[in-house]
Amino acid sequence: MQIRDATEADVRAIAARADAKRTEYATYSPVFWRKAERGIEVQTRYFTNHMLGQEQIISLVAEHEDGTLEGFVMAMVREAPPVYDPGGPVCWIDDFTVAAPEQWVTTGVALYREVTERAQQRGAVLVVTVCGHLDVPKRTMLQAQDATITAETYIQPLQQPGTGQDHFPE
């Protein structure tokens, strides 16, 4: 396996891998993670136009010897919101996945270590990583890298999806 910078030629495979992760996460939280119509096309354009080649972005892929994409990570190094002072820039990892759950202990670790090393070289003092609440393999990998949970996000739909009808628990 080789870890390298993502290129435009990788974007379709990256977007497909991200789409598969959204499908998985939609089983955990079907409203928040519901895929938008043509979402994969939108994400492909977003990755191409706003992620690749941007100075503050670290875009990496893990590639198998046969050229198959085994995983990817997209991270942004930026200042923390002005109400926080972690002591320097923060590395925000939102899009990060591997081809199969068992690859978190190999491919996932390799990608995580490379992105955190590059983020640290850019001055980052903290890494924040999004992880679905029931994504046990990813969560386990992050915890093995000494990452800890700092917050949880809760949602409450205010309307029944697609109906426009109010939705309140009985």
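The structure we're discussing is the one just above.
Just so you know, these numbers come straight off a predicted model, no measurement behind them.

1. What about the layout of surface pockets?
Reasoning step 1: The space that makes up the largest pocket amounts to roughly 1700 Å³.
Reasoning step 2: As for the largest pocket, its lining consists of 49 residues, of which V128, T129, V130, C131 and A151 are closest to the centre.
Reasoning step 3: Put simply, the parts of the chain that give the lining of the largest pocket at least two residues each are α1 (11-28), β4 (90-98), α3 (107-121), β5 (126-129) and α4 (136-144).
Reasoning step 4: The element contributing the most residues to the lining of the largest pocket is β4, with seven residues.
Reasoning step 5: Along the lines of polarity and charge, the residues of the lining of the largest pocket split into 31 nonpolar, eleven polar and seven charged.
Reasoning step 6: What the second largest pocket holds in volume is close to 240 Å³.
Reasoning step 7: The wall of the second largest pocket is formed by 13 residues, among which Y46, M51, M76, D94 and D95 lie closest to the centre.

2. Topic: the environment of G108
Reasoning step 1: With respect to the secondary-structure elements, G108 resides in helix α3.
Reasoning step 2: Placed eleven residues apart in sequence, G108 and T97 show a C-alpha to C-alpha distance of 7.2 Å.
Reasoning step 3: Dropping the residues within four chain positions of it, G108 is found in contact with F96, V98, Q103 and M141.

3. Things to note about the side chain of Q43
Reasoning step 1: Tracing the sequence through the fold places Q43 in helix α2 (residues 39-51).
Reasoning step 2: Of the polar contacts made by the side chain of Q43, one reaches the side chain of R22; its length is 2.7 Å.
Reasoning step 3: With near-sequence residues (within four places) excluded, Q43 lies in contact with A15, A18, R22 and D95.

What counts, and where the lines are drawn
- Residues numbered from 1 in each chain as written.
- Predicted model: local features only at pLDDT ≥ 70, side-chain atom pairs only at ≥ 80, totals over all residues.
- Heavy atoms only, no water.
- 1 Å grid on protein atoms, 1.4 Å probe; cavity = no way out; pocket = protein on both sides within 12 Å on 5 of 7 lines; lining within 4 Å.
- Points joined across faces, edges and corners; volume = space filled by probe spheres on them.
- Helix = DSSP H or I, 4+ residues; strand = E, 2+ residues; numbered from the N terminus.
- Nonpolar A, V, L, I, M, F, W, Y, C, P; charged D, E, K, R; others polar.
- Contact = heavy atoms within 4.5 Å.
- Polar contact = N/O pair within 3.5 Å; in protein donor to acceptor, adjacent residues only side chain to side chain.

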